[in-house]
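# Summary of structural features
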Amino acid sequence: MKISKQRQDELTKFQNSIKYNFKSQFLINKALTHSSYANEHKDENVKDNERLEFLGDAILDLIVSEYLFKKYPEAHEGDLSKYRASIVCESGLAKAGRDLNIGDYILLGKGEKMSGGNDRSSIIADAFEAVTGAMFMDSSFEDVRIFLANTLIESVRYTTTDKLYQDYKTILQVEAQKNNKNVLVYDIVEEKGPDHDKEFVVELKQNGEVIGSGSGKTKREAEQIAAHMALKNVYKYTKE
């Protein structure tokens, strides 16, 4: 895929905002290319950011885990897992992405763009993960650590643990393990609407029994709602 002069100017502006210049402009361009755009430009051999998103997700987990391990030397594994999940979640990643105005630089298909995709949390969060993966491929682990320290981690550095975003899936997993009922399965039972405006319906099962359900614009959101329902109805969890 050839990068136009206008697109290169956009990429330069974004790289200035993250204080890192990519050796491969094709790599950062791919990180900011949504699948809806790639599907509309198949004849140009355009690739989307989903593989980079997969890589970035793993790198985020590792770097945030390292940060929390050092910050909370007395914390138990279960608490560290909850803290990490509260940072590396859709809302946390979307906030970090919005602080960088990342939505302004994502290439979207026409339908996705018209429906407000440039400000959709799931798309922004995925792009933030993809940029993380792209930076790792383009440079070094240390460069990625610096980038995340200045963006994602900085936003929660002085936040007390009890004020972190409640990640209901992780909290439910901890509660289930306490009660020796740790077989949790999230099933997508329905997908409604066009590709640019999907709604997912999820059922949460524990040992084969449905204990919660939820619907949302992303699979993550639907799973969180299902987990929250299960916490309130089955485990009588009252914190919000």
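Residues numbered from 1 in each chain as written. Predicted model: local features only at pLDDT ≥ 70, side-chain atom pairs only at ≥ 80, totals over all residues. Heavy atoms only, no water.

### Considerations on the overall build of the protein chain
Each helix and strand counted, the protein chain has 11 helices and 3 strands in total. Starting at the N terminus, the α and β elements of the protein chain follow one another as α-α-α-α-α-α-α-α-α-α-β-β-β-α. Relative to the globule expectation of 18 Å for 240 residues, the C-alpha radius of gyration of the protein chain, 19 Å, shows essentially globular dimensions. Overall, the protein chain is about 60 × 45 × 25 Å in size when its C-alpha atoms are taken along their principal axes. Buried positions account for 45% of the 240 residues belonging to the protein chain. Long-range contacts, defined here as pairs at least 24 residues apart, represent 55% of the contacts in the protein chain between residues at least 6 apart. When the accessible surface of the protein chain is split by element, carbon and sulfur atoms take 49% of a total near 13,100 Å². (Helix = DSSP H or I, 4+ residues; strand = E, 2+ residues; numbered from the N terminus. Rg over C-alpha atoms; globule rule 2.2 N^0.38 Å. Buried < 20%, exposed > 50% of the residue type's maximum accessible area, 1.4 Å probe, protein only. Contact = heavy atoms within 4.5 Å. Areas by Shrake-Rupley, 256 points an atom, 1.4 Å probe, with all protein chains shown as cover.)

### A few points about the packing of helix α4 (residues 50-71) against helix α8 (residues 121-138)
For the pair α4 and α8, the least separation of the axes is 7 Å and the interaxial angle reads 85°. If you check the angle between α4 and α8, you find them roughly perpendicular. Contacts from Leu-52, Glu-53, Leu-55, Gly-56, Asp-57, Ile-59 and Leu-60 in α4 reach Asp-126, Phe-128, Glu-129, Ala-130, Thr-132, Gly-133, Ala-134, Phe-136 and Met-137 in α8. Considering only residue class, the contact of α4 with α8 consists of 9 nonpolar, 3 polar and 4 charged. (Axes fitted to C-alpha atoms, helices over the stretch in contact; angles between N-to-C directions. Parallel < 35°, antiparallel > 145°, perpendicular 65-115°, else oblique. Nonpolar A, V, L, I, M, F, W, Y, C, P; charged D, E, K, R; others polar.)

### A few points about the packing of helix α5 (residues 77-87) against helix α10 (residues 168-178)
Between two packed helices, both the angle of their axes relative to each other and the distance between the axes serve to describe the pair. Following both chains from N to C, one finds α5 and α10 inclined at 165°, their axes separated by 9 Å at the closest point. Taken together, α5 and α10 sit at an angle that is classed as roughly antiparallel. Here the hand of the crossing between α5 and α10 comes out right-handed. Residue-level inspection shows Gly-78, Ser-81, Lys-82 and Ala-85 of α5 in contact with α10, the latter providing Thr-170, Ile-171 and Val-174. (Left-handed = near helix turned anticlockwise from the far one by under 90°.)

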